[in-house]
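# Working through the structure, step by step
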2 protein chains.
Amino acid sequence: MDQSSGRALRPTRKVMPEEARRHNRALVLQTLYTTTGLSRADLARETGLTRVTVSDLIAELIVDGLVVEAGLSKRAGPGKPATALEFDANAFQIIGIDLSGHSLLRGALMTLDGRVVSRLDVPLRGRTGEDAMALVDEIVDELRLAATQPLLGVGIGSPGIVDLAGVVLTAPNLGWTDRPLEAEVARRSGLPVVVANDANVAALAEHSFGGASSDMMLLKIGRGVGAGLVVAGTAVYGGAFAAGEIGHVVVGDDGSECVCGKSGCLETRLAAPRLDAALAGASSPAEHDAILREAGRWVGIALAPIVGALNLSEVVLSGPVQLLDGPLVESLIDTLRARTMAQFHGSVKVRMTSLGDDIVLRGAAAMVLSRELGVS
Amino acid sequence: MDQSSGRALRPTRKVMPEEARRHNRALVLQTLYTTTGLSRADLARETGLTRVTVSDLIAELIVDGLVVEAGLSKRAGPGKPATALEFDANAFQIIGIDLSGHSLLRGALMTLDGRVVSRLDVPLRGRTGEDAMALVDEIVDELRLAATQPLLGVGIGSPGIVDLAGVVLTAPNLGWTDRPLEAEVARRSGLPVVVANDANVAALAEHSFGGASSDMMLLKIGRGVGAGLVVAGTAVYGGAFAAGEIGHVVVGDDGSECVCGKSGCLETRLAAPRLDAALAGASSPAEHDAILREAGRWVGIALAPIVGALNLSEVVLSGPVQLLDGPLVESLIDTLRARTMAQFHGSVKVRMTSLGDDIVLRGAAAMVLSRELGVS
């Protein structure tokens, strides 16, 4: 170990600058992550790296446990069969935390491909500030004890505005202002940590695991309403890290009063508590449907200019299925069709997420995987 | 000359891979483009390249005419004064063409910093298809004759949907469908050519020359209404190259009929001909102002969700100043304020472009400069 600090100065291996090495290692790992069972020769062909470089990197990845040899390659070719390699999704585990819940903070211990091994949900009970922070620490500590493999890191999706250093600039529900959440959890746990806004994390999950297109919006509906945007395959953060904060965009001039002081904000019709309350007052199935259709119409009015301006290919909804998946999404589709140009936007796909309630946890794992291993 | 084709295989200079060389050459040129009067030593310090590499690249750039020696460097330092270097904006000229006009196709011969040397405006007189194409060729040929320096290339801003290869997928005003404009002009002129949507070109001009921020929308109002978006410093094209096509997004449920078949499209209130017609019917200054304020309100309603979703820092308007700069832009600002959250979007800047009617021509020059020299 004592030679490691001098490695950059006195290379003992064949010369390869450290940055190029990291890049090539991530490239080999990404290739195996996407396509399993490749041989070293296959990898050299697919990556354009030399066989020597591939063998060298694979040796290192095998020592780290990230790659395993798994019998003979199934690919036909001349000569003797080669050894098949596999990315080992069980080599490390990831802790994912979803702080966006109304009443629960949710944690999960996951494999590298996002399979949940263990869960821990902690009731929030209105706790804010340091008390809420203590719950985050509790989740990290408990899931750490449950881990059966070394931990790759911790990913956290937080409500509110989060900057690129993982500082929660403002999260009213948790009573946090300028809280360096990423740095705090990293210091206390000693683990690599990455923190981002919950809707952005959900968009990343949909993009990584949900098969979403490269120009998409993830609309997340819960206690509030937020969105995560991916444009040309890249997450959008905005000039002041507030991209996707569309809950308080005014949609209707006839709307009811909002907690923010304005009237007619998208949240007044769409946030889950407001929708539940409105539905509780419905006196017939027809009135029930009309309330959901009207909410869907509001989303469509708000989304039409965004779909038009960005030429989005896909809008994915995440939130309570019983509220969203039915008259609401149908009305949203009708409204988008009516308010955008069919020639450009007629093919925009609108659907529920296939990742269910774990969408933020899955996205949190994807963030850690991407930052620590360069794999996505 | 006969050795050039083999240069990549049998290098005669000190080894520097061709791609790295191109990158370093653009870096040196970009640095001189931004800061004039640097010495070779200054350039080495600012770019991180070795003095030998800088001297080598500068020698090449001087031969090409892009850099000139201009007396002694003003920068103080030990030793004898060094030679100051300057980017020579007059070394080459660029042809820019703006096809977005209602009645005129506009061309200009420009220096490398976008100063107009010569102009040629050709009346469109309703011509479409091959006849419109002949006008483009005419502008290229005439401006080429007017050139007093070698030409770097041709940049064209076209209305309609333009893909990344410069194919105009659809431009109804010019009667063009799937026209490979970039390839056609390149073939006929033998010059490097780059074609993009006019509003995207205008957004690039504002970003390059107008001091616009990295998260901005350029709203271009003329015969129609279109937008160009820059997100995190990068132009947005959209899943089907139709980003920014917001003219036919429905804004008002009470709107008048649009040419597209829908009602209440943004264009029905905002396109210059519609605004002019409405204003012609105004019977008092107060009514005149009310028409402009109502148009501004419509823009604000359409833009609020976009500003919110992207957390834009700036919205820049381009079009007839007498229509836009006054009650219209004031009402737009009021509406944006009223319909977005002050905490995130209160600081969004809304202003007229400072580039006037030449905005597309300037952007066209910027595209050529960026593609041919890697300078922006």
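Residues numbered from 1 in each chain as written. Chains lettered and ligands numbered in written order. Predicted model: local features only at pLDDT ≥ 70, side-chain atom pairs only at ≥ 80, totals over all residues. Heavy atoms only, no water.

### Here's the deal with the confidence of the model for chain A
- With 94% of its residues at a pLDDT of 70 or more, chain A has an overall mean of 90.
- In the predicted structure, residues 1-15 of chain A sits below a pLDDT of 50 and forms 4 contacts with residues beyond four places in sequence or in another chain. (pLDDT = per-residue confidence, 0-100. Contact = heavy atoms within 4.5 Å.)

### Notes on unusual backbone geometry
- The backbone of Arg125 of chain A sits at a positive phi, close to 45°, despite the residue not being glycine.
- With respect to the element layout, Arg125 of chain A can be found in the loop between β5 (116-123) and α4 (129-146).
- Judged by relative accessible area, which is 67%, Arg125 of chain A ranks as exposed.
- For Phe241 of chain B, which is not glycine, the phi torsion reads 65° and is therefore positive.
- Structurally, Phe241 of chain B can be placed in the loop between β13 (234-235) and α7 (266-270).
- For Phe241 of chain B, a relative accessible area of 27% translates into the label partly exposed. (Helix = DSSP H or I, 4+ residues; strand = E, 2+ residues; numbered from the N terminus. Buried < 20%, exposed > 50% of the residue type's maximum accessible area, 1.4 Å probe, protein only.)

### Digging into the sheet that holds strand β9 (residues 176-179) of chain B
Residue and element names in this part refer to chain B.
- With respect to topology, 3 strands assemble into an open sheet ordered β7-β8-β9, the strand pairing being antiparallel. Each edge of the open sheet is held by one strand with a lone partner, namely β7 (161-162) and β9.
- Direction of pairing for strand β8 (residues 168-171) relative to β9: antiparallel, over a ladder of 3 bridges. In the sheet register, Thr170 faces β9, and the bridge partner there is Thr177. (Pairing = 2+ DSSP bridges.)

### A word on the sheet that holds strand β4 (residues 104-111) of chain A
All names here are of chain A.
- Pairing is mixed in the open sheet, where 5 strands are placed in the order β5-β4-β3-β6-β10. The sheet is open, and its two edges are formed by β5 and β10 (193-197), each paired on a single side. On average, each strand axis in the sheet is tilted by 15° relative to the strand beside it, whichever way the strands run.
- Contacts between α4 and the sheet are confined to β3 (93-98), β4, β5 and β6 (151-158), with β5 contributing the most and set at about 155° to the helix.
- Each of β6 and β10 touches helix α6 (residues 198-209); the most contacted strand, β10, lies at about 105° to it. (Axes fitted to C-alpha atoms, helices over the stretch in contact; angles between N-to-C directions.)

### Topic: the packing of aromatic side chains
Residue and element names in this part refer to chain A.
- Per the stated rule, a full pass over the model turns up 2 aromatic pairs over all chains.
- On the basis of an interplanar angle of 85° and a centroid distance of 5.1 Å, the ring pair of Tyr33 and Phe87 is categorised as edge-to-face. Of this pair, Tyr33 sits in helix α1 (residues 18-34) while Phe87 sits in strand β2 (residues 83-87), and the two are 54 residues apart along the sequence.
- Residue Phe87 is classed as buried on the basis of its relative accessible area of 11%.
- For the cation-ring pair, Arg362 lies above Phe209, with the distance from its terminal atom to the ring centre recorded as 4.4 Å. (Phe/Tyr/Trp six-rings, centres within 6.5 Å; stacked < 30°, edge-to-face > 60°. Lys NZ or Arg CZ within 6 Å of the ring centre and 35° of its normal.)

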